[in-house]
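Structural overview for review
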Amino acid sequence: MGRAWVLGDGVSTDMIMPGRYNLTTDPSQLAGACLIEARPDFAAQVRPGDVIVAGRNFGCGSSREHAPIAIQACGVAAVVAASFARIFARNAVNIGLPVIRCAEAAAAIGDGEDVVVDADRGVVTSAAGTFAGEPPSPLAMRIARAGSLVALIRDEGWAAVEETA
Amino acid sequence: MGTLAEEILSNRLCRSVRAGDTVVASVDCAMAHDVTAPLAIEAFERCEMPLHDPDRVVLVFDHVMPAATVAAAELHQRVRRFATTHGVRNVFAEGICHIVMVEKGFARPGGIVAGADSHSTTYGALGCFSAGMGSTDIGVVLATGRTWFRVPETLRIEVSGRLEAPLSAKDVALHVLGRVGADGADYMAVEWGGETVRTMTLDERMTLANLSADMGAKAGLCEVDGAVLAAATPADGVEIPQVRSPRYERVLQVDAGALEPQIAAPPAADNVHGVSELVGTRIDEVFIGSCTNGRLEDLEVAARYLARGRVHPHTRTVVVPASRRVYVEALRRGWIEAIVESGALVMNPGCGPCLGRQHGVLAPGERAVSTSNRNYPGRMGSPDAEIYLTSPAVAAASALAGQIVDPRRAL
């Protein structure tokens, strides 16, 4: 269980990790600047297991993988959003950060509320109810089981992806 | 049989694939720049494999080039060491990655490119299937030469009507962005066609393909015709992709002849208005450049306006040629001189102030007009600054006036 950090629609990778702060590949440094302007209290107060809950098109804009790396390095267990921008969703899956598309949960969950996420099934539970989001694709599940895309390709090769396609 | 995206991917895979299929495909090359390459290199190293093919790797220093901080310099150093260690020869520091990729022939009609930058859609202007990706995906391409794609559904944009100067491809793209929205083409290919696109130059088509990314698209494709083939050689061993009995998810009609100059106001690129709604807005900075509008034709427009006077004393104006080739040609034609004489600052080829790290960072409360593609809060500096996205004509005319003006009344 974790607390919800509720953000609005159109949270861009520029807001998650502004271009002035991503001149590093160090996850802990990136974590310290996560949402630094959009939600200045986030980096200091986020706890392992917390969940980001957001509106439409989360992670839009730049392809910078620094954004999901920063969120993951903060200890965030999952991002629940009404929808995700394509590159962000792919980047998150590739590094093992669960993303759950669930407009109902995004609309119902309030900031600071306790949330339980079942990433394998795409189910989100809070005091407001239990919400069935979009379950991860077979490929996303396969990557999640391996831990990351790198681990999947290194250990099993592209055949593992072709099997799930 | 299919859309351009389906045709290109089917051709590569030697079998017919359709929207919704997930495929693993080889790519012609992987591109990364000074911000995304370091993470891609780390992902590649975790793959514990040799580099698949050094000649299919393109590394471009453009985002903060030359380095403006020690942190940036260290990232550059890591990328150069990687290139040296692995024998990567395609290393460039002469302009924006997307323009360099086209100029140097790495992006080709019918080809497939994986780019570690969201605006890698730009090569679609040549009929090259190219998707922006994160660093992990690029790291895996470095190790294996391959990546996976979900074959996208297609949003077809059918543009008709005469686009008369100072209207430009940027106005068409912003107009469509406003109608479609920032996630209106999410996971899709945007396919640009129609009589107006057929009359456009490659520079103009690159603007269309580029801004497709800001609709959420995976690819932004233009049909391959004589204008493209005059400038680019098709990828090795591929058929020139042609749309054949396509099935589109959605078709949008645009009458270019009915447009007025378009502006994307804060806080997002899909907040699009006609210039007439914003005339008189005072501005502190103008930026003309970027992978959207920093090419030769864009500098020609900038020079034509700026040659008529001096930039307003309250409006610092920064012009950044997209590449060395663009810069040298603009010098030869006297356009750089006209721009400099107007009081504008001309910076070295690269991304310039677009991403808020150099060459014109904005203070709180400041307002900028930019010919780039993003105006999210904080994009060019302070999150309390405002960015208005326009064509080069609106930007240059506004630089002289110190406020947003309608370029149709300025020349």
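Residues numbered from 1 in each chain as written. Chains lettered and ligands numbered in written order. Predicted model: local features only at pLDDT ≥ 70, side-chain atom pairs only at ≥ 80, totals over all residues.

Looking at the overall build of chain B
Scanning chain B from terminus to terminus reveals 14 helices and 18 strands. The C-alpha atoms of chain B give 20 Å as radius of gyration, which agrees with the globular expectation for 411 residues (22 Å, within 12%). Here chain B, with 411 residues, has 62% of them falling under the buried criterion. A fraction of 78% describes how many contacts in chain B between residues 6 or more apart in sequence connect residues 24 or more apart. (Helix = DSSP H or I, 4+ residues; strand = E, 2+ residues; numbered from the N terminus. Rg over C-alpha atoms; globule rule 2.2 N^0.38 Å. Buried ≥ 20, exposed ≤ 12 C-beta atoms within 10 Å, placed from the backbone. Contact = placed C-beta atoms within 7 Å.)

Quick word on the environment of A:E113
Structurally, the position occupied by A:E113 is in the loop between α6 (103-108) and β5 (114-118). The contact partners of A:E113, leaving out residues within four places of it in the chain, are A:A4, A:S126 and A:A127.

Concerning the nonpolar core
With 202 residues, the main nonpolar core has A:A70, A:V79, A:V80 and B:L306 as its most contacted residues. Residue-level mapping places this core at the junction of two domains, with at least three residues from each of domain 1 (7-255) and domain 2 (264-409) of chain B. Not counting the four nearest positions on each side in its chain, A:A70 is found in contact with A:I16, A:M17, A:L30, A:A31, A:A33 and A:C34. (Core = buried A, V, L, I, M, F, W, Y, C linked by C-beta atoms within 7 Å. Domains from an automatic or database assignment.)

Some points on the packing of helix α8 (residues 149-156) of chain A against helix α2 (residues 37-47) of chain B
The interhelical angle for the contact between α8(A) and α2(B), taken along N-to-C directions, is 30°, at an axis separation of 9 Å. When the axes of α8(A) and α2(B) are compared, the crossing they make is right-handed. Contacts between α8(A) and α2(B) pair A:V150, A:I153 and A:R154 from the former with B:A43, B:R46 and B:C47 from the latter. Residue composition of the contact of α8(A) with α2(B), grouped by class: four nonpolar, no polar and two charged. (Axes fitted to C-alpha atoms, helices over the stretch in contact; angles between N-to-C directions. Left-handed = near helix turned anticlockwise from the far one by under 90°. Nonpolar A, V, L, I, M, F, W, Y, C, P; charged D, E, K, R; others polar.)

Description of the pairing of strand β18 (residues 386-389) of chain B
Residues and elements named next belong to chain B. Because side chains alternate across β18, one face comprises the buried residues E386 and Y388, and the other comprises I387 and L389, equally buried. In the sheet, strand β17 (residues 367-370) pairs with β18 via four bridges, with the strands oriented parallel. Across the sheet, residue V369 finds its bridge partner in β18, namely Y388. (Pairing = 2+ DSSP bridges.)

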